[in-house]
Amino acid sequence: ELKNKISDKTKILEDEIIALKEKIEAEFITLLNNLTPSADFVNMIKKMMRVIWERETKGLKTRQRSALAALTALETKMAALIDRTVQATQPALIAAYEGEISNLESQRILKVEQLEALTQNNSNKTQGFDEAYRTALRFFKNPRYLWDSGHISHRKALLRMTFADHLIYCREKGYRTVKTTLPFLINQTLSSNKGDKIMNFTRKENMVRAGGLEPPRSCDPRILSPVRLPIPPRPH
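Structural notes, computed from the coordinates. (Residues numbered from 1 in each chain as written. Predicted model: local features only at pLDDT ≥ 70, side-chain atom pairs only at ≥ 80, totals over all residues. Heavy atoms only, no water.)

Some remarks on the pattern of salt bridges
Inference 1: One pass over the structure, following the stated rule, counts 4 salt bridges.
Inference 2: Between Asp148 and Arg144 there is a salt bridge; the shortest N-O distance is 3.1 Å. Of the two residues, Asp148 and Arg144 are both situated in helix H6 (residues 144-148); the distance of 4 residues between them amounts to about one turn of the helix.
Inference 3: The class of Asp148 is partly exposed, set by a relative accessible area of 47%.
Inference 4: In this structure Arg144 comes out as partly exposed when scored by relative accessible area, which is 27%.
Inference 5: The structure contains a network of salt bridges with shared partners spanning Glu75, Glu105 and Arg108. (Salt bridge = Lys/Arg side-chain N within 4 Å of Asp/Glu carboxyl O. Helix = DSSP H or I, 4+ residues; strand = E, 2+ residues; numbered from the N terminus. Buried < 20%, exposed > 50% of the residue type's maximum accessible area, 1.4 Å probe, protein only.)

Some points on helix H7 (residues 152-162)
Inference 1: Buried within H7 we find Ala157, Leu158 and Thr162. Seen along its axis, H7 keeps its buried residues to an arc of 110°; they face one direction. Set apart from the buried face of H7 by more than 90 degrees, the exposed residues are Ile152, Lys156 and Arg160. (Arc of directions from axis to C-beta.)

Let's talk about the nonpolar core
Inference 1: Phe28, Leu32, Phe139, Phe140, Trp147, Leu158 and Phe163 are the most contacted members of the largest nonpolar core, which totals 21 residues.
Inference 2: Those elements that provide at least two residues to this core are helix H1 (2-35), helix H2 (39-87), helix H5 (134-141) and H6.
Inference 3: Not counting the four nearest positions on each side in its chain, Leu32 is found in contact with Arg144, Trp147, Leu158 and Phe163.
Inference 4: By size, the runner-up hydrophobic cluster in this structure holds 7 residues, among which are Leu74, Leu81, Ala88 and Leu104. (Core = buried A, V, L, I, M, F, W, Y, C linked by side-chain atoms within 4.5 Å. Contact = heavy atoms within 4.5 Å.)

Written as structure tokens, this is what we have:
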């Protein structure tokens, strides 16, 4: 009989834990659905990311051309010094040329490494914006798809990219104030202020008229009366 009571209590406790887990997950799904940005905001973020992509690509190509020109200049200077070294007869002058060539060779190696890195980065850019940012835009458009995948790594990535701090849950009130990362925070701010901004822009009484706040006055020329002029202070 004692074993049966313990078994019944264990079963009740397990059922409560399962029910609580399902409740927490359901409320978490609701939280993710509420964080899903609007289509207009997603398009705005996509345009911003495309501008940044094009700017980085253009800057990368500029740095690549600059590094190639610097490498060519170093190699030309080295070739000229080698010719001088061959033609020189004085040991001191030959030693000076060899030291300068060694210095230029060190600079050339650095430029070659820099150019290889820029070339590699530039090759990564050749896949195109849509392909490079496809996963990021898909996540931002619908954060829940990572959670629905069921993979632990995907769910951890979701938590890291969506929330700026640990989630706090209360049995009675559910999830407490959620701190999201910057993109979702901007979306929430714009969504909450959208109605107020529209009302402020559409209300004419909130706008200052062209004539100013004071009643208009005539600007016609007139003779100033001495009585109306200010009295100058008396000299001390």
